[in-house]
Amino acid sequence: SQTIHQWPATLVQPVGSPLSLECTVEGTSNPNLYWYRQAAGRGLQLLFYSVGIGQISSEVPQNLSASRPQDRQFILSSKKLLLSDSGFYLCAWSTSNYGYTFGSGTRLTVV
Amino acid sequence: AQSVTQPDIHITVSEGASLELRCNYSYGATPYLFWYVQSPGQGLQLLLKYFSGDTLVQGIKGFEAEFKRSQSSFNLRKPSVHWSDAAEYFCAVVPGGSYIPTFGRGTSLIVHP
């Protein structure tokens, strides 16, 4: 079956520290992969999407970056976190326009 | 500009009452349409989706949605709300030819006993 794993579930990091969030997909190949951020009381903001290994498109300029080192692995990173990076980060995948499956999310608090 | 609008930030209903959550979009052609539900601290779960055909779509958990082209709307409905339906609801749109969903800002559903 097709599943998506996202970790860690919660993370508290000091300002200026690095960040690495990982997302992996099982049971499918060549998925489209997405990173969204959800700030409190706001909708979902698309950060990055990828249609293949090494292919990353950025939607919002910021101090975050993404990488796709393997077909079913999507990593969100930062070299130095800002307070404004706090939020709920969601990874999602799709293989067509017929639905997008989301991970359980990572709650990031930058202190 | 292309957009997805959920005009109600919060909606409060009594358990057993009917529910309608509104979603409007502004795209040139009929896009693919979705409704998702999010429980606190969780990811998003797909309730239903519309691509073409019958404009009344049935989903999980007793939800349905109706696509109205003339109104550019895709409203979510449920005839009788349960306390467990309290959650955040998101409408999403994927324009034809795209594979990137755009989400509305969400509607928070509060259910009173």
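Cut-off values and rules
Residues numbered from 1 in each chain as written. Chains lettered and ligands numbered in written order. Predicted model: local features only at pLDDT ≥ 70, side-chain atom pairs only at ≥ 80, totals over all residues. Heavy atoms only, no water. Contact = heavy atoms within 4.5 Å. Buried area = accessible area lost by both parts, 1.4 Å probe. Polar contact = N/O pair within 3.5 Å; in protein donor to acceptor, adjacent residues only side chain to side chain. Helix = DSSP H or I, 4+ residues; strand = E, 2+ residues; numbered from the N terminus. Pairing = 2+ DSSP bridges. Axes fitted to C-alpha atoms, helices over the stretch in contact; angles between N-to-C directions. Core = buried A, V, L, I, M, F, W, Y, C linked by side-chain atoms within 4.5 Å. Buried < 20%, exposed > 50% of the residue type's maximum accessible area, 1.4 Å probe, protein only. Disulfide = S-S within 2.5 Å.

### Comments concerning the interface of chain B and chain A
Thinking step 1. Listed as interface residues are 19 residues of chain B and, on the opposing side, 20 residues of chain A.
Thinking step 2. Together, the buried faces of chain B and chain A total about 1600 Å²; carbon and sulfur atoms form 60% of this surface.
Thinking step 3. The largest contributions to the chain B side of the interface with chain A come from Tyr99, Ile100 and Phe103 of chain B, which together make up 31% of the buried area.
Thinking step 4. Connecting chain B to chain A are five residue pairs in polar contact (both at pLDDT 80 or more).
Thinking step 5. Of all the secondary structure elements, the ones that give two or more residues to the side of chain B that touches chain A are strand E5 (32-38), strand E6 (44-50) and strand E10 (87-94) of chain B.
Thinking step 6. If you tally residues by element for the side of chain B that touches chain A, the top one is E5 of chain B, at four residues.

### Focus: the sheet that holds strand E1 (residues 3-7) of chain A
All names here are of chain A.
Thinking step 1. Read across the sheet, four strands follow the order E1-E3-E8-E7 without closing on themselves; strand pairing throughout is antiparallel. Of all the strands in the sheet, just E1 and strand E7 (64-70) have a single pairing partner and so form its edges. Sheet twist, expressed as the average angle between the axes of neighbouring strands with direction ignored, equals 15°.
Thinking step 2. As judged from the five bridges shared by E1 and strand E3 (residues 19-26), these two strands associate in the antiparallel manner. What sits directly across from Ile4, in E3, is Val25.

### Here's the deal with the nonpolar core
Thinking step 1. Grouped together as the largest cluster of nonpolar side chains are 27 residues, with contacts concentrated most on Trp35, Leu48, Leu76 and Tyr89 of chain B.
Thinking step 2. Elements with a minimum of two residues in this core: strand E2 (10-14), strand E3 (19-21), E5, E6, strand E8 (64-68), strand E9 (73-78), E10 and strand E12 (107-112) of chain B.
Thinking step 3. Of the residues forming this core, the biggest block, four residues, is contributed by E10 of chain B.
Thinking step 4. Grouped together as the second largest cluster of nonpolar side chains are 19 residues, Ile4, Phe48, Phe74 and Trp93 of chain A included.

### Let's talk about unusual backbone geometry
A negative phi angle is the norm for most residues apart from glycine, just as the trans form is the norm for most peptide bonds.
All names here are of chain A.
Thinking step 1. Note the cis peptide between Trp7 and Pro8, where omega equals 0°.
Thinking step 2. Structurally, the position occupied by Pro8 is in the loop between E1 and strand E2 (10-13).
Thinking step 3. Phi angles above zero are rare outside glycine, and Asn30 is one such case at about 50°.
Thinking step 4. Position of Asn30 relative to the elements: it lies in the loop between E3 and strand E4 (32-38).

### A short note on the side chain of Ser17 of chain A
Residues and elements named next belong to chain A.
Thinking step 1. Counting through the fold element by element, Ser17 comes out in the loop between E2 and E3.
Thinking step 2. A distance of 3.4 Å separates the side chain of Ser17 from the side chain of Gln13, its partner in a polar contact.
Thinking step 3. Within the structure, the side chain of Ser17 is placed 2.6 Å from the backbone oxygen of Pro14, a separation counted as a polar contact.
Thinking step 4. Ser17 has contacts with Lys79, Lys80 and Leu81, leaving out every residue within four places of it along the chain.

### Details of the state of the cysteines
Residues and elements named next belong to chain A.
Thinking step 1. Tallying each qualifying case throughout the model produces two disulfides over all chains.
Thinking step 2. Bridging Cys23 to Cys91, the disulfide has an S-S length of 2.0 Å. Disulfide Cys23 to Cys91: torsion about the S-S bond roughly -75°, handedness left-handed. Of this pair, Cys23 sits in strand E3 while Cys91 sits in strand E9 (residues 87-94), placing them 68 residues apart in sequence.

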